[in-house]
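Okay, here's what each chain looks like letter by letter:
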Amino acid sequence: EKSLAQIISGLQSSSDSLATALRTVVLIGVGLAAALAGLVGYLSLARGKQAAAAAAARQQTEDILSTVREGLFLLDGDLKIGSIHSQATAQLFQRESVAGLTFEDLLRDLVTPKTLAIATKFVKVLWSERTKENLIRSINPLNEVEIVVGEKGEKGGGETRYLEFNFHRVRRDGAITHVLVAVADVTARVALAAQLKGAQDSAQSQMDAFLSILHVDPVQLSSFLD
């Protein structure tokens, strides 16, 4: 009986220890489950916020690209236009889409072969690290490019317009990854400059005529007026 009592006491003590250990394990498991649930909830909330921020940024980008009047697009290392560009780009070049076109194909039917060769050569030079950033604008041969859009008939149809190209190199980790091209229609500016030059030439002609009159002999001038 004494041995049996000791065995029963030992079993009871072991049972109590196992029960305590089991309760501890259960509590730890519940705590870990709660922590995991909290972490999952936090990650889901953070992911939702990131998705909302990304959607908002994407919408803002689309709003900008659909609103600006300039053509904006990126050229990759193969001089191909990316899939994201402003809506004005296609309108400026009279195309339904410009994505995937090379810069050369974009201009091929709009400019003279000489202008096309110069433009292509200049854009290729932009990928060279030896080309200084502050010289790009000063050596840019495409700051006023004459193009012809619309139907080109035998009688020289089509509308002549002038485009201004600006180029900005995009870098990532110090390396050139893309070239950002901004295109603006400067036809009105060119026309205004031509009108101003015409007015200046006319004024100069009138001034020259007036000065020539001043050098005429008074007797001859009086006789001519009479």
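These lines cover the structure that appears in this document, whether it is placed above or below. What you are looking at is a predicted structure, and each value in this text was computed from that prediction instead of being measured.

Thresholds applied
Residues numbered from 1 in each chain as written. Predicted model: local features only at pLDDT ≥ 70, side-chain atom pairs only at ≥ 80, totals over all residues. Heavy atoms only, no water. Helix = DSSP H or I, 4+ residues; strand = E, 2+ residues; numbered from the N terminus. Rg over C-alpha atoms; globule rule 2.2 N^0.38 Å. Buried < 20%, exposed > 50% of the residue type's maximum accessible area, 1.4 Å probe, protein only. Contact = heavy atoms within 4.5 Å. Areas by Shrake-Rupley, 256 points an atom, 1.4 Å probe, with all protein chains shown as cover. Pairing = 2+ DSSP bridges. Salt bridge = Lys/Arg side-chain N within 4 Å of Asp/Glu carboxyl O. Phe/Tyr/Trp six-rings, centres within 6.5 Å; stacked < 30°, edge-to-face > 60°. Expected span 1.5 Å × (residues − 1). Core = buried A, V, L, I, M, F, W, Y, C linked by side-chain atoms within 4.5 Å.

Quick look at the overall build of the chain
Okay, step 1: If you tally the helices and strands in the chain, you get six helices and five strands.
Okay, step 2: Reading the chain from its N terminus to its C terminus gives the helix and strand order α-β-β-α-α-α-β-β-β-α-α.
Okay, step 3: Over its C-alpha trace the chain gives a radius of gyration of 39 Å, far above what one expects of a compact globule, namely 17 Å for 226 residues.
Okay, step 4: Seen along its three principal axes, the alpha-carbon backbone of the chain occupies a region of about 160 × 40 × 35 Å.
Okay, step 5: Looking at the 226 residues of the chain, the share that counts as buried comes to 21%.
Okay, step 6: Taking all contacts inside the chain whose residues are at least 6 apart in sequence as the whole, residues at least 24 apart take part in 42%.
Okay, step 7: As displayed, the chain offers around 16100 Å² of accessible surface, 59% of which is attributable to carbon and sulfur atoms.

Some thoughts on the pairing of strand β4 (residues 159-172)
Okay, step 1: Pairing of strand β3 (residues 145-149) with β4 involves five bridges; the strand directions are antiparallel. Across the sheet, residue V148 finds its bridge partner in β4, namely T160.
Okay, step 2: Direction of pairing for β4 relative to strand β5 (residues 175-185): antiparallel, over a ladder of 10 bridges. Of the residues in β5, the one forming a bridge with F167 is V181.

Overview of the pattern of salt bridges
Okay, step 1: On inspection of all chains with the given rule, the structure shows seven salt bridges.
Okay, step 2: The shortest N-O distance in the salt bridge between E104 and R108 comes to 3.7 Å.
Okay, step 3: On the basis of relative accessible area, R108 is assigned to the partly exposed category, the value being 40%.
Okay, step 4: Notably, a salt bridge pairs R171 with E129, separated by 3.1 Å at the nearest N-O pair.

Structural notes on the environment of Q50
Okay, step 1: Relative to the helices and strands, Q50 is located in helix α1 (residues 2-67).
Okay, step 2: Residues Q50 and D109, spaced 59 residues apart in sequence, show a C-alpha to C-alpha distance of 44 Å.

Some points on the packing of aromatic side chains
Okay, step 1: Evaluation of the coordinates by the stated rule reveals five aromatic pairs.
Okay, step 2: A centroid spacing of 5.4 Å and a plane angle of 70° characterise the contact between F122 and F167, whose relative ring orientation is edge-to-face. Of the two residues, F122 is situated in helix α4 (residues 113-125) and F167 in strand β4; the sequence distance between them amounts to 45 residues. Residue F122 shares its accessibility class with F167, and that shared class is buried.
Okay, step 3: Each ring, one from F165 and one from F167, has its centre 6.4 Å from the other, and the planes form 15°; the classification is stacked. In terms of burial, F165 and F167 fall into one category: buried.
Okay, step 4: Cluster of aromatic residues (ring-pair linked, three or more members): F93, F103, F122, F165 and F167.

Remarks on α4
Okay, step 1: With 13 residues, α4 extends 19 Å between its outermost C-alpha atoms, agreeing within 8% with the 18 Å of an ideal straight helix rising 1.5 Å per residue.
Okay, step 2: Its buried side turned inward, α4 meets β1 (71-75), α3 (103-107) and β4.

Let's talk about the nonpolar core
Okay, step 1: Grouped together as the largest cluster of nonpolar side chains are 28 residues, with contacts concentrated most on F93, F103, F165 and F167.
Okay, step 2: Per-element accounting of this core gives the leading share, four residues, to α4.
Okay, step 3: Other than its neighbours up to four places away in sequence, F167 contacts F103, F122, V123, L126, I136, N140, L142, V179, L180 and V181.

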